[in-house]
Amino acid sequence: MPAQAARPPERTRIVLADVVRRETRTDRTRTELAQQTRVGEALVRGLVRAQLSLALRLSLVVAIGLGGLPWLFAIAPSVGRVTVLGVNLPWLLLGVAAFPLLVAVGWAYVRLAERNEQDFTDLVQRPER
């Protein structure tokens, strides 16, 4: 019988350092949001408050801008009798000028709401310092 058949030597695994994936703040925050922990609820509640605050502020702009016109015409009837190009000023303001105001407020709301959401996303994805 020949001397032992040529068997390859057993492999030995050499580990220089165990690489452990550290849980980052972003992962923890996402987990807290997904599991609806107190921290996650607080973050979402903050976003909802910011969006509600924005909606109320812009609603106030519309209420003052459009709701204030009848008050103006009641307090100063002479303003209500002004004509521009043969049309009474109240008709022009309430029938024509109201639409660009509403479009502008709507555009501002969408832009600012998206900024709030982007700030929230940046907060959630910000690396730990």
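Residues numbered from 1 in each chain as written. Predicted model: local features only at pLDDT ≥ 70, side-chain atom pairs only at ≥ 80, totals over all residues. Heavy atoms only, no water.

Focus on the overall build of the protein
Under the convention used in this document: Note on conventions: DSSP H or I runs of at least 4 residues are helices, E runs of at least 2 residues are strands, and numbering of each starts at the N terminus. Exposed residues in this analysis have more than 50% of their type's maximum accessible area, buried residues have under 20%, and partly exposed residues fall in between, with area computed by a 1.4 Å probe over protein chains only. All accessibility values rest on the Shrake-Rupley procedure with a 1.4 Å probe; residue burial counts only the protein chains present in the view.
A tally of helices and strands in the protein yields 4 helices and 2 strands. Mapped from its N terminus to its C terminus, the protein presents α and β elements in the order α-α-α-β-β-α. Residues counted as buried form 15% of the 129 residues belonging to the protein. Of the accessible surface of the protein, which amounts to about 10,900 Å², a share of 61% is contributed by carbon and sulfur atoms.

A look at the packing of helix H2 (residues 38–75) against helix H4 (residues 89–125)
Filter applied, for reference: Axis angles are defined between N-to-C directions and span 0 to 180 degrees, where every axis is a line fitted to C-alpha atoms and, for a helix, only to the segment in contact. By the definition adopted for this analysis, an angle is roughly parallel if under 35 degrees, roughly antiparallel if over 145, roughly perpendicular if from 65 to 115, and oblique otherwise. Side-chain classes follow a simple rule in which Ala, Val, Leu, Ile, Met, Phe, Trp, Tyr, Cys and Pro form the nonpolar group, Asp, Glu, Lys and Arg form the charged group, and the remainder, Gly included, forms the polar group.
H4 packs onto H2 with a crossing angle of 170° between their chain directions and a minimal axis gap of 10 Å. The orientation of H2 with respect to H4, classified from their angle, is roughly antiparallel. Residues of the contact of H2 with H4, tallied by class, amount to 25 nonpolar, 2 polar and 1 charged.

Regarding H4
Residues separated by three or four positions in an α-helix point in the same direction, a consequence of the helix having 3.6 residues per turn. Our working definition: An expected span of 1.5 Å times one less than the residue number is assigned to each helix.
With 37 residues, H4 ought to run about 54 Å at 1.5 Å a step, and its terminal C-alpha atoms sit 52 Å apart, in line with that. When we look at burial in H4, the residues that qualify are Leu89, Pro90, Ala98, Val105, Ala108, Ala113, Asn116, Phe120 and Val124.

Structural notes on a nonpolar patch on the surface
Here is the rule we go by: Here a patch means residues that are over 30% exposed by relative accessible area and free of salt bridges, tied together within 9 Å if like-charged and within 5 Å if nonpolar (Val, Leu, Ile, Met, Phe, Trp, Tyr). When a carboxyl oxygen of Asp or Glu lies within 4 Å of a side-chain nitrogen of Lys or Arg, that pair is called a salt bridge.
Together, Val82, Val84 and Leu85 make up a nonpolar patch on the protein surface, roughly 290 Å² of accessible area in all. Secondary-structure assignment places valine 82 in the loop between helix H3 (77–80) and strand E1 (83–84).

Section: the side chain of glutamine 51
Heads up, the rule is: Any pair of nitrogen or oxygen atoms within 3.5 Å is treated as a polar contact; in protein, a donor-acceptor pairing is required on top of that, and neighbouring residues in sequence qualify only through side-chain atoms on both sides. When checking whether two residues touch, look at their non-hydrogen atoms; a contact exists if any pair is within 4.5 Å.
Looking at the secondary structure, you find glutamine 51 in helix H2. There is a polar contact of 3.3 Å between the side chain of glutamine 51 and the side chain of glutamate 117. Aside from chain neighbours lying at most four places away, what touches glutamine 51 is Tyr109, Ala113, Asn116 and Glu117.

Quick notes on the side chain of asparagine 116
One can find asparagine 116 in helix H4. The exposure class of asparagine 116 is buried, given its relative accessible area of 18%. Apart from the residues lying within four places of it in its own chain, the contact partners of asparagine 116 are Leu47, Ala50, Gln51 and Leu54.

Such coordinate-based values are descriptive only and should not be taken to indicate function.
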